[in-house]
Amino acid sequence: MKKTITIPLGSQHISLLEPVKFRFVCENEKIIDVSSDVGFVHRGIERACATKFTFEKIPYVVARICGLCAITHSLCYTQAVENLLDGEVSLKAKYLRILLVELDRIHSHMLCLSHVSENAGFEAMFMQIMGDREYVMSLQEMITGNRVQFDYISIGGVNRDIDTNISSQIKKNLTIIKQKVYDYIEQFENNWSLSLKYKNIGKLSLDMAYQYNAIGPLARACGLETDVRSESAYLPYVDVGYKMITRSNGDIYDRNMVRLYEILNSIQMCENIVDGLPSGEIYTKLKGKPNGESLVRLEAPRGELMYYIKGSGKPLLDRVRIKTPTFSSIPAFIEVFKGSDYGDAPAILASFDPCMSCTAK
Amino acid sequence: MKSSIIQAFKNLLSKPITIDYPASPIIKPFGYRGLIKYEETECIYCLKCEKACPPEAILFVKTDNPSSNEKNKKSLEYLYNPYLCIYCQECVRACPKPSLALWQSEEKPSSGIMEDKVNEKWFEIENLKRGDKL
């Protein structure tokens, strides 16, 4: 008699936010094998970038890959193109770019934490965090003119400047969020639903994180010190007060903690940027057409995002390759699932913060 | 635990965070990205906005009744599709006479519903234009 049972999770499931399919092979309650499929929202964006749109228009195309990470996609592509053009982006534009990326990270981490709370059955906390997230969303709307699709980054700089009104509003809202995050930390440490229930659940060891190429908060929760912000010099992260946050246990609890302390670090960075924003132009006209190859990495909220572009001096690029953080982490996801209880699977999946729009693109 | 109980009581007495739309209007932030506006008499017909637009929501097509603007030597007519527009302001930045010939207003577009078939005529024009170029 067969001892195992196969349970599909997805592509449409009540606990899933986006279409992904996992097939769990379970023995009683334990998951012993997992397979995954991620291509449900494929839109052919890489192909469209190389055939339909000229290189100046692509920042607006790649921003539409994902609503949550819109700014990181357009920024990563823009940096890759700027490598192949003549001219230098001003320091002020770089600072403003960091400001937007970090605001994006704050609201993305808050979204993930709210979903982890929801999967723990803590609906009130979900509402609370989503309500507080509006403070960041309103800041983004104020700076860029739009809530989700920012269209803020252009080749050569940024599209809008911030004035004293916006600066004071940023500081005011960030002070409120900081206090809220301290409250969340207390909740996530002491509340039974959120902490004790999730300690030692969905664990990934440091060796496994190395072996299976874990990135982003998933890797940092295991103690793996990997963060593009400290490894790449495209953006002056060291000057604005970046700090690596790592934990050692690698379970859901530690992933939550990494995200919470990263929010605090991002708030600190945003405050530093607003206080010490250098003067200068926000936009520099860059000349020429991309000729050659360029590869750029950027730390998105979920981990390392990579763009490779190849141009041959024409308006249309030869190739645009996008490697997204969730796609790179899938082997590590599968490893975490093995040996866990099936009942914990939705909560473990929420703690990974998967982004399927990015992955399937 | 203590703080969450206090928060729960505060939530009981406080107003909802969400806006009671459409009963109360949405407050637009300063610099809201709305419809692109065009002033034909100021236009110099350089066609830079058409080239810059990422979703190709601005088209200049030949017309039988051209305007009396002397710069319009090729008898062109400006067409704009608010349903394709992503309000990125790229056309305004490309325009040599921004805020006179082309500018971004804070006006919201009307909602496009299925029955209106808002894009069908537009795609016909696009195809015709592509045919012209060929």
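Above this note sits the structure.
Because the structure is predicted, anything quoted here is derived from the model rather than measured.

Here's the deal with the sheet that holds strand β2 (residues 21–27) of chain A
All names here are of chain A.
Here comes step 1: Read across the sheet, three strands follow the order β1-β2-β3 without closing on themselves; strand pairing throughout is antiparallel. For this open sheet the edge positions go to β1 (5–9) and β3 (30–37), each flanked by a neighbour on one side alone. The mean inter-strand angle of the sheet, taken between neighbouring strand axes irrespective of direction, is 25°.
Here comes step 2: As defined by bridge partners, β2 adjoins β3 across seven bridges and the pair is classed as antiparallel. Note that in β3 the partner of Glu27 across the bridge is Lys30.
Here comes step 3: Helix-sheet contacts for helix α11 (residues 325–337) involve β2 and β3, and the interaxial angle to β3 is about 160°.

What to know about the pairing of strand β6 (residues 291–300) of chain A
Here comes step 1: Both β6 of chain A and strand β7 (residues 303–312) of chain A contribute to a ladder of ten bridges, which runs antiparallel. By the bridge assignment, Gly292 of chain A is partnered in β7 of chain A with Gly311 of chain A.

Thoughts on the nonpolar core
The tendency in soluble globular proteins is for nonpolar side chains to be buried as a group.
Here comes step 1: Of all hydrophobic cores here, the largest spans 115 residues; its most connected members are Tyr77, Leu99 and Phe337 of chain A.
Here comes step 2: The biggest single contributor to this core is helix α4 (residues 91–119) of chain A, with 13 residues.
Here comes step 3: When residues no more than four places from it in sequence are discounted, the contact partners of Leu99 of chain A are Ile143, Ile162, Ile170, Cys270, Ile273 and Val274 of chain A.
Here comes step 4: Listed in part, the 20 residues of the second largest apolar core include Cys43, Ala57, Phe60 and Leu102 of chain B.

Focus on the interface of chain B and chain A
Here comes step 1: Across the contact, 21 residues belong to chain B and 19 residues belong to chain A.
Here comes step 2: Across the chain B-chain A interface, the total number found is one salt bridge.
Here comes step 3: Inspection of the chain B/chain A interface yields eight residue pairs in polar contact (both at pLDDT 80 or more).
Here comes step 4: Elements that contribute at least two residues to the side of chain B that touches chain A include exactly α1 (2–13), α2 (48–52) and α3 (90–94) of chain B.
Here comes step 5: The element best represented in the side of chain B that touches chain A is α1 of chain B, accounting for four residues.
Here comes step 6: Partitioned by chemical class, the residues of the side of chain B that touches chain A number ten nonpolar, five polar and six charged.

Here's the deal with unusual backbone geometry
Here comes step 1: A cis amide bond, omega 5°, links Tyr21 of chain B with the succeeding residue Pro22 of chain B.
Here comes step 2: Within the secondary structure, Pro22 of chain B sits in the loop between α1 and β1 (36–38).
Here comes step 3: A positive phi is found at Asp353 of chain A, a non-glycine position, where the angle reads about 60°.
Here comes step 4: The class for Asp353 of chain A is buried, based on a relative accessible area of 6%.
Here comes step 5: A positive phi is found at Tyr87 of chain B, a non-glycine position, where the angle reads about 55°.
Here comes step 6: Mapped onto the fold, Tyr87 of chain B is located in the loop between β3 (76–80) and α3.

Thresholds applied
Residues numbered from 1 in each chain as written. Chains lettered and ligands numbered in written order. Predicted model: local features only at pLDDT ≥ 70, side-chain atom pairs only at ≥ 80, totals over all residues. Heavy atoms only, no water. Pairing = 2+ DSSP bridges. Helix = DSSP H or I, 4+ residues; strand = E, 2+ residues; numbered from the N terminus. Axes fitted to C-alpha atoms, helices over the stretch in contact; angles between N-to-C directions. Contact = heavy atoms within 4.5 Å. Core = buried A, V, L, I, M, F, W, Y, C linked by side-chain atoms within 4.5 Å. Buried < 20%, exposed > 50% of the residue type's maximum accessible area, 1.4 Å probe, protein only. Salt bridge = Lys/Arg side-chain N within 4 Å of Asp/Glu carboxyl O. Polar contact = N/O pair within 3.5 Å; in protein donor to acceptor, adjacent residues only side chain to side chain. Nonpolar A, V, L, I, M, F, W, Y, C, P; charged D, E, K, R; others polar.

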